[in-house]
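Each chain is listed here by its residues.
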Amino acid sequence: MDREFIARGLQRSSPGRFLLWILPWAALLAFGLYCAGLCLAKGLNQTNMDNRFAFGLWIFLDLTVIALGAGAFLTGFLLYILKLDELRAVINSAVVIGVVCYSGAVSALMVDVGQPLRSWFTFWYPNVHSMLTEVTFCISCYLTVLLIEYLPIVLRNRKLRDVPSFLVFEHKLHNLVYVLAGVGTFLSFFHQGSLGGLYGVLRGRPFAFREGFAVWPSTFFLFILSAAAVGPSFILLTTKLVETLSRKRLVRPTVYSLLARVSGLLLAVYVLAKAVDTLVWINRTSPGHGFLASQYYSWKPFGTWILFAEIVVFGMLPALVMLTPRLRAHNGWLVGAAAMACGGVALNRFVMTVQTLALPTLSFDSFVSYYPSWQEVGTFLAVVAYGVLLYSFSFRYFNLFPEERELRLEAAVHEEESALAGRY
Amino acid sequence: MLPWIYGFDWNTGHIVFLGAFYAVLAAIAATLTAAAIRSLRAIRAGQTDAIRWHGDFESLPERDQVCRHVLTGEFRERQCPHAFDCRECETHAKLIERHPLAPVAGHEEDVSGMAFPLDRFYHRGHTWARLETDGTVLVGLDELGARLLGVPDALTLPQPGERTHANGAAFHIRRRNADVRVVSPVDGTVIETGSAGRGWYLRVKPDSTGANAFRHLLRGSEIRPWIEREIERLQLALTAEGTAPALADGGVPVSDIAAAYPAADWDAVCGEMFLEG
């Protein structure tokens, strides 16, 4: 029964082994749902957030996964608009990653905001002066776009393809996917930017406040660039991880190389822009608000090391590795660089969310620490478990990597030839 | 939605935001609606088989999408741009006009111990079509296809009167874990069904028997290079299933290849050989 839903020619683990794989994640999801239920039923007193730390682990998670999920829009843009056909090998996986990241972020946000039955208020009674309104609208629309892009992947399932209306609808929808790719790029561009802009307009938080262009602070552009830069790295990383766990070759080395080149190039531009932005902030913006930049870094553990790590260790280094053909050809360097790029964006979102709120800004203010409660951690883990489960089911039942079967054939021939060469 | 809420006024920023937001919603709705309308039209026009075939063809590895003129050596490399429907292909028409197929001596081609009669046309999905004197067309499995499936566990044939489309499903055969869709070589209406024992499965009243009707099918001197390539593909598919290729030493395929490889995933092998995605 299970076998009939798996694409022809693909090898997947036995149902028993698959069950063993998903059980711990399902248990984690159940625990996380319990935590989220507590937060929704009893309120935010279940968390360690307060009036000062209105943003905590969940917002850090939201910002990070939305940046990592940017690979979906960028891959779609490069494939359907710029016609980089090699990326067809990873587009399905990129869409699933996008769905996981965005739906996970929206779920965490719903727990954070609370009152899910009134979630429609945000659309019907939006605050037209808030950047979050734009973020909410864009993320909701883009999640809808991602779900529509996910639909053909589901309908291409071997068993569902037997239903004529599904088959035809999938084909016709797929023919129009370039429209969705364009819309997705437009939406992603703005909500990634607005998430950054959200911090850049905080005049009361000079650590985060930035000058910019027209109504957009520089963080608007930096968030777009950093998300676009790490999106391909995250696709590369997840594909390598799935290859390792499933012990299968899923895409050709040329695809990894292309992803690394795109990621490296965008990361290099980002590092340059971030360095210029930091210099302007240190020398002009922050002193203009009565703060020397050194003051921000006198509160431990947030020393200047964090700035160095963000720009040099997790920015410049992985960019250089991914832009150097000899280094990116080496699996260890490639995976290491992609992981560092992803770690860098997580660090940046952590700094923007947690460090911004921890630093004192008024003379009677003090430095405040924040540690998430177990309910917050549980909800965070639920999003992770949900992502792993959705991806695992998608990998098992849908053809996420169209070249998998062909690569298996090539590997078998290569093995055969090696065996014959050894014999003679 | 937005214009009547507190704090909204018709300034440039709000108009741009509202315009962009509604444009995005309109684009999403229009895409879904267009896909739904086109789907309805396609289903009503009976294009389901053609869409399925195009999906199957696109999922084939590039080396299996090669033009028939690569098989005969006229091109070194060329992907078929018409999903093996040479009736639409101008290149094929020109090539056939300039270089007609060389005649083949005898009544059949013998390739690796398998007989391929020359009185019929072959589809690359391992079916054949033979034009009968009464204007009907018999459809059957070629020798390699028959040996791949051996003695079928189940056979599902269309009812007389049903339509069949070239590259669409002609009939289904189940063998072990493989449920194989066997492609039809011709467009027409089924008028009689046969069986493996009778040597053919369908008798079809073709829509046309003109010069163009069988142009997409292989014939004569094209058969040998095609089958030789198919045997290579079979070896590759079997190797991928972890079974040693049995033909490399010049042997011939056994009459029931499925029975000879009990451990192989026969569904995968048949999917590969019968061009099913």
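Just so we're clear, the structure is a prediction, and the values are computed from it rather than from any experiment.

## Description of the nonpolar core
Inference 1: Grouped together as the largest cluster of nonpolar side chains are 124 residues, with contacts concentrated most on A:Tyr102, A:Tyr142, A:Leu187, A:Tyr296, A:Tyr391, A:Leu400 and A:Phe401.
Inference 2: Those residues in contact with A:Leu400 that sit more than four places away from it in its chain are A:Ala89, A:Asn92, A:Ser93, A:Val96, A:Ile153, A:Tyr391, A:Ser394 and A:Phe395.
Inference 3: By size, the runner-up hydrophobic cluster in this structure holds 50 residues, among which are B:Trp200, B:Ile227, B:Ala237 and B:Ala264.

## Overview of the interface of chain B and chain A
Inference 1: With 47 residues of chain B at the contact, the number on the chain A side is 39 residues.
Inference 2: Together, the buried faces of chain B and chain A total about 3,800 Å²; carbon and sulfur atoms form 70% of this surface.
Inference 3: Here A:Arg405 and B:Glu272 are joined by a salt bridge, their closest N and O atoms 3.2 Å apart.
Inference 4: Our count for the chain B to chain A interface comes out at nine residue pairs in polar contact (both at pLDDT 80 or more).

## Points about the domain arrangement of chain B
Inference 1: The assigned domain composition of chain B is domain 1 (1–45) and domain 2 (54–273).
Inference 2: Using C-alpha coordinates to define each centre, domain 1 of chain B is positioned 48 Å away from domain 2 of chain B.

## So, the pattern of salt bridges
Inference 1: Applying the stated criterion across every chain, the model contains 37 salt bridges over all chains.
Inference 2: Among the salt bridges present, the one from A:Lys274 reaches A:Glu310, with a minimum N-O distance of 3.4 Å. Placement of A:Lys274 in helix 10 (residues 253–288) and of A:Glu310 in helix 12 (residues 305–323) is noted, with a sequence separation of 36 residues between them.
Inference 3: One salt bridge in this structure joins B:Asp85 and B:Arg87, with 2.8 Å as the shortest N-O distance.
Inference 4: Among the residues examined, B:Asp85 registers a relative accessible area of 10% and is labelled buried.
Inference 5: A cluster of three or more residues bridged by salt bridges with shared partners is formed by A:Arg252, A:Glu403, A:Glu406, A:Glu410, B:Arg63, B:Asp64, B:Glu230 and B:Arg233.

## Quick notes on a nonpolar patch on the surface
Inference 1: The grouping of A:Trp120, A:Phe121, A:Trp124, A:Tyr125 and B:Trp4 at the surface amounts to a nonpolar patch, some 610 Å² of accessible area in total.
Inference 2: As for its placement among the helices and strands, B:Trp4 is situated in the segment before helix 1 (12–44).
Inference 3: On the basis of relative accessible area, B:Trp4 is assigned to the exposed category, the value being 60%.

## A closer look at the packing of aromatic side chains
Inference 1: Under the criterion given, the structure shown has 42 aromatic pairs over all chains.
Inference 2: Plain terms: the ring middles of A:Phe55 and A:Tyr199 are 6.2 Å apart, the flat faces sit at 80° to each other, and that makes the pair edge-to-face. Of this pair, A:Phe55 sits in the loop between helix 1 (15–42) and helix 2 (57–68) while A:Tyr199 sits in helix 8 (residues 177–200), and the two are 144 residues apart along the sequence.
Inference 3: Look at A:Phe55 and you get partly exposed, because its relative accessible area is 24%.
Inference 4: Ring geometry for B:Phe116 against B:Tyr122: centres 5.8 Å apart, planes inclined by 65°, an arrangement best described as edge-to-face.

## Here we look at the sheet that holds strand 3 (residues 121–123) of chain B
Inference 1: Strand order in the open sheet formed by six strands is 3-4-5-11-10-7 (chain B), with antiparallel pairing between adjacent strands. Two strands lie at the open edges of the sheet, namely strand 3 and strand 7 (163–164) of chain B, each paired on one side alone.

## Thoughts on the state of the cysteines
Cysteine pairs can be covalently joined through their sulfur atoms, and such a bond is termed a disulfide.
Inference 1: Tallied over the entire structure, the rule returns zero disulfides over all chains.
Inference 2: We note that A:Cys342 lacks a disulfide partner, and the nearest cysteine sulfur, in A:Cys101, lies 9.9 Å from it.

## Considering the pairing of strand 11 (residues 200–206) of chain B
Remember that side chains alternate between the two faces of the sheet whenever the strand is regular.
All names here are of chain B.
Inference 1: Within strand 11, six of the seven residues are buried, which leaves the element mostly enclosed by the surrounding structure.
Inference 2: Where strand 5 (residues 137–141) lies against strand 11, three bridges are found, and the strand directions are antiparallel. In the strand pairing of strand 11, Val 139 is matched with Leu 202.
Inference 3: The pairing of strand 10 (residues 188–195) with strand 11 spans six bridges and is classified as antiparallel. Looking at strand 11, one finds that Ser 195 is bridged to Trp 200.
Inference 4: Where strand 10 hands over to strand 11, the hairpin turn is made up of four residues, of which Gly 199 adopts a positive phi near 85°.

## Here we look at the sheet that holds strand 8 (residues 169–175) of chain B
All names here are of chain B.
Inference 1: Across the sheet, which stays open at both edges, the three strands sit in the order 6-8-9 with antiparallel pairing between neighbours. One side of each edge strand has no neighbouring strand; the edge strands of this open sheet are strand 6 (154–156) and strand 9 (178–183). The average angle at which neighbouring strand axes cross in this sheet is 20°, direction not considered.
Inference 2: Of the strand pairs in this sheet, strand 8 and strand 9 are connected by six bridges, and their pairing is antiparallel. Considered in strand 9, the bridge of Arg 174 is made with Asp 179.

Conventions adopted
- Residues numbered from 1 in each chain as written.
- Chains lettered and ligands numbered in written order.
- Predicted model: local features only at pLDDT ≥ 70, side-chain atom pairs only at ≥ 80, totals over all residues.
- Heavy atoms only, no water.
- Core = buried A, V, L, I, M, F, W, Y, C linked by side-chain atoms within 4.5 Å.
- Buried < 20%, exposed > 50% of the residue type's maximum accessible area, 1.4 Å probe, protein only.
- Contact = heavy atoms within 4.5 Å.
- Buried area = accessible area lost by both parts, 1.4 Å probe.
- Salt bridge = Lys/Arg side-chain N within 4 Å of Asp/Glu carboxyl O.
- Polar contact = N/O pair within 3.5 Å; in protein donor to acceptor, adjacent residues only side chain to side chain.
- Domains from an automatic or database assignment.
- Helix = DSSP H or I, 4+ residues; strand = E, 2+ residues; numbered from the N terminus.
- Patch = residues over 30% accessible without salt bridge, like charges linked within 9 Å, V, L, I, M, F, W, Y side chains within 5 Å.
- Areas by Shrake-Rupley, 256 points an atom, 1.4 Å probe, with all protein chains shown as cover.
- Phe/Tyr/Trp six-rings, centres within 6.5 Å; stacked < 30°, edge-to-face > 60°.
- Pairing = 2+ DSSP bridges.
- Disulfide = S-S within 2.5 Å.
- Axes fitted to C-alpha atoms, helices over the stretch in contact; angles between N-to-C directions.

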